[in-house]
Amino acid sequence: MSFNLLETVQNLFPKDFINKTASILDENPKYVADGVSGIIPSVLTGLMQKGTTTDGLALIAKHSSDAKEVKFHDSLSKIITGKNYSKYEKLFDSAEELFGEKLSDITHKVSINSGLRETSANWLIRLVTPTALGVLGEQMKKNKLNITDAAQLIAKEKDSIINAVPEEYNLTTLFGFNSLQDIGNKFSNSVSFTEPEAIKLPTINPVEEVKLPEPIHQIEEVKIPEVVPHVEEIIPAIQEEIKKEEHIVEQPIIPEIKAPVEVEPTDSDHFKTIVV
């Protein structure tokens, strides 16, 4: 399966779109082109940084699913002018959910390095983020992929994504890594050892999935009888009966057997034994 997330997203922002966007934002087309060129790989690097945790991957999966049917760039003029913003408001907020406080820092870096006003830079980041997520979600739906499969596809192109980030953005400091390569490597290692079931249930810590020893399994299969009502009242009575029985010793009935009596023999009977 041939798929490249970086190139696919880049192709959604051709020159005529850049010019139209610049006109709507009242910005220089070159500034918009430079801004979008830096924003796309920066957003994808941010997704990799977010995806180094199970909860982060789950959040990416959620937003990818929500955005897969929306073509944001087709309705940009209506969205920016406020005519259609409410329809996509939650999806546009995906950038803030994914990047949190880092969003303002990314916006500032895009602004000072592209020449865009910060408001324009912020709009473009909020546009690129759900667009990239939508492309990912569409790919997952089309090829019936889970988020782990999709993340592994991104990991394969981590080097091209990282190399496309403008060096002056200095995202390593922003994301708390020593280098962008460290982000890519950690992301790649994380998704290589992540089970799909863990992504579906992000609140479950994989460490807790411990196989129980065999004796415990056997104990679990034993059916425990229902507790007798008021058993605390019955037990003392049973114990009392046991104590009584302990003092009663049944003597075996042994028939009395008398010993034979020897009798003096008579003249007619030399030997005769009478047993009484």
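The structure under discussion appears in the preceding block.
Bear in mind that the values here come from a model prediction, so they are computed numbers and not experimental data.

Caption draft 1: Seen up close, the nonpolar core. Formed by 58 residues in total, the largest nonpolar core has its most connected members in Phe13, Ile40, Leu44, Val110 and Phe187. When near neighbours in sequence (up to four residues on either side) are disregarded, phenylalanine 187 contacts Met48, Gly51, Thr52, Leu57, Ala151, Ile154 and Ala155.

Caption draft 2: Spatial organisation of the side chain of lysine 109. Structurally, the position occupied by lysine 109 is in helix α8 (residues 102–114). Buried and unpaired, lysine 109 has no salt bridge, with aspartate 105 as the nearest side chain of opposite charge at 7.3 Å. Here tyrosine 169 takes part through its backbone oxygen, which lies 3.1 Å from a polar atom of the side chain of lysine 109. Here lysine 109 is in contact with Tyr169, Asn170, Leu171 and Leu174, once residues within four sequence places are set aside.

Caption draft 3: Up close: the pattern of salt bridges. Counting across every chain of the model gives 4 salt bridges. For lysine 30, the salt bridge identified is with aspartate 34, shortest N-O distance 2.8 Å. Here aspartate 34 and lysine 30 lie together in helix α3 (residues 29–50), a separation of 4 residues that amounts to about one turn. Taking the shortest distance from any N to any O, the salt bridge between lysine 158 and aspartate 159 comes out at 3.4 Å. Owing to a relative accessible area of 37%, aspartate 159 belongs among the partly exposed residues under this scheme.

What counts and what doesn't
- Residue positions within a chain follow its written sequence, with the count starting from 1.
- Thresholds applied to this predicted model are a pLDDT of at least 70 for local features of residues and 80 or more for the giving and counting of side-chain atom pairs; totals over whole chains, interfaces and linings are not thresholded and use all residues.
- In computing side-chain values, all of the structure's heavy atoms are included and hydrogens and water are not.
- Within this scheme, the nonpolar core is defined by two criteria: the residues are buried Ala, Val, Leu, Ile, Met, Phe, Trp, Tyr or Cys, and they are joined through side-chain atoms within 4.5 Å.
- To sort residues, take the accessible area from a 1.4 Å probe on protein chains only and compare it with the maximum for the residue type: under 20% means buried, over 50% means exposed, and anything in between is partly exposed.
- Residue contacts are defined here by distance: any two heavy atoms, one from each residue, within 4.5 Å place the two residues in contact.
- By the criteria applied, helices consist of DSSP H or I runs no shorter than four residues and strands consist of E runs no shorter than two, each listed in order from the N terminus.
- Think of it this way: Lys and Arg go in the positive column, Asp and Glu in the negative one, and His and the chain ends go nowhere.
- The salt bridge definition used is simple: a Lys or Arg side-chain nitrogen within 4 Å of an Asp or Glu carboxyl oxygen.
- Two N or O atoms count as a polar contact when they lie within 3.5 Å, although within protein this holds only if one can serve as hydrogen donor and the other as acceptor, and sequence-adjacent residues are included solely when both atoms are side-chain atoms.

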